[in-house]
Amino acid sequence: MRTPSIVLFLTLSCSVAACRDEQAGPKPRTQRLPEPARARVLDAAPSDLTFRAGTTFAGGSVVYLGSKVTPANAAPGQQVQLSHYFQARAQPPQGYGFFVHVVDVASGGMVVNADHEIQDGAAPLATWPVGKVIEDVHVVPMPNTPARVMLGFWRGDERLAVDDASAQDGANRMLGPQLGGAAPELPEYVVRRAEAAPKLDGVLDDAVWKTATPVVLKGSFDGRAVRLRTEARLAYDDAYLYVAFDCEDPDVWGTLRKRDDPIYEQEVVEIFLDANADGRTYNELQVSPHNVQFDAYFPARRQGMDLSWDSGLTSAVKVRGTLDDASDKDEGWSVEMRIPFAKLAEVPRVPPRPGDKWRFNLYRLEHHGRKTVEGQAFSPLFVGDFHALPRFGWLTFQ
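No experiment lies behind these values; they were computed from the predicted model shown.

What counts, and where the lines are drawn
- Residues numbered from 1 in each chain as written.
- Predicted model: local features only at pLDDT ≥ 70, side-chain atom pairs only at ≥ 80, totals over all residues.
- Heavy atoms only, no water.
- Phe/Tyr/Trp six-rings, centres within 6.5 Å; stacked < 30°, edge-to-face > 60°.
- Helix = DSSP H or I, 4+ residues; strand = E, 2+ residues; numbered from the N terminus.
- Buried < 20%, exposed > 50% of the residue type's maximum accessible area, 1.4 Å probe, protein only.
- Pairing = 2+ DSSP bridges.

A.B. asks: I tried to follow the packing of aromatic side chains on my own but got confused; where do I start?
C.D. replies: Inspection of the entire model under this criterion finds 21 aromatic pairs. Ring geometry for Phe86 against Trp128: centres 5.7 Å apart, planes inclined by 35°, an arrangement best described as tilted. Linking Phe86 in strand E4 (residues 79-88) with Trp128 in the loop between strand E6 (110-113) and strand E7 (133-141), this pair joins segments that are 42 residues apart in sequence. By relative accessible area, which is 0% here, Phe86 ends up buried. Ring geometry for Trp358 versus Phe397: centroids 5.0 Å apart, planes at 65°, classification edge-to-face. Of the two residues, Trp358 sits in strand E21 (residues 357-368) while Phe397 sits in strand E23 (residues 393-397), which places them 39 residues apart along the sequence.

Now the structure itself:
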């Protein structure tokens, strides 16, 4: 799926200087205005930091002392408390907000956007007293895969400069503590040679599908069970890779009708293939319930997408219900795909030999109620990006 790049929705909070409303006059004695929240300041950072930094922003005017992660070894999905500690060593810069990003170590994709105002707005950067320590506390879910906390300050389209290049990611995001455990092992699918090619009619009653190993897709982000079942099977012969999807779906629909339309924005099944397993060049093929196809070649992850590439894909769809009618309840839809090996990028051998290993992933996008999107995958990604190549599974030819 050519999912759009992750967009950070940042809310700029304006700190208004003290002013007086000349029209207001004195308030009645019985009416008390809420007192502004006071910033929590410390004389020093705690001695039990789990991550120590000492790196600086803006020519040394602000130092990031480090952070404390509690509990340090939380289970995936468990809420963990992050406590960050900073100190202004000179008058801090004006007009900057605070950001915290939790980023997947392998792919660089965003896992959690934890942007917020320091101390719920009580301690904006410009107000920090020189020499005192500012504590900021918030919670995030523990990632299921190794991740890194990155933090800093932003204003408009710029970020406050990090002084030491080795302490940041190249985009002025200060490196903070690491989270998450070892990445789950990549799943493997052993694809068998077909004795006879399936008849491409969308009906999965061919002998080849009865002997192919079924696999049930999981939640693409975290590997959890999904609301609607999707079962996939694969097979091959000398010329083609065959792929079958069977999708449970009470409302089968789609509005896009042209080849290479952005069907990834609606209901679709997909296969990504990295034939030489280099983690760089790969192909993306999709089919919608209307049997509309999308195929693309990528010379690198999310770069140089080539829609002029023709996969030679042949596909067929069978809808068990009424297509595009939300008033009734459908059973689902099934897809058969026939993909020529010779058309794919960087195929080591045609036909593949027994024991050859490719990298690949299978996906489904389901729009519950035509609104809420659920991503499914053979190999869960643990980031919101179907192009996370390091999380592709293994396709082993038998």
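A.B. asks: I'm lost on the sheet that holds E7 in this one. Help?
C.D. replies: Two orientations exist for strands paired in a sheet by backbone hydrogen bonds: parallel and antiparallel. With antiparallel pairing, the 5 strands of this open sheet are ordered in space as E1-E7-E4-E3-E2. In this open sheet, the two strands that pair with only one neighbour each are strand E1 (41-42) and strand E2 (51-57). One ladder, built from 9 bridges, connects E4 with E7; its direction is antiparallel. Of the residues in E7, the one forming a bridge with Ser83 is Val137.

A.B. asks: Help me out: how do you make sense of unusual backbone geometry in this one?
C.D. replies: Across the chain, the bulk of peptide bonds are trans and the bulk of non-glycine residues have phi less than zero. That bond from Thr70 to Pro71 is cis: its omega, -10°, falls within 30 degrees of zero. For the bond running from Val350 to Pro351, omega is -5°, close enough to zero to count as cis. The residue Pro351 is located in the loop between strand E20 (332-340) and E21 in this model. Residues other than glycine seldom take positive phi values, yet Arg302 does so here, at roughly 60°. With respect to the secondary-structure elements, Arg302 resides in the loop between strand E18 (293-298) and strand E19 (314-320). Residue Asp324 is not a glycine yet carries a positive backbone phi of 70°.

All quantities given are derived from atomic positions and should not be read as evidence of function.
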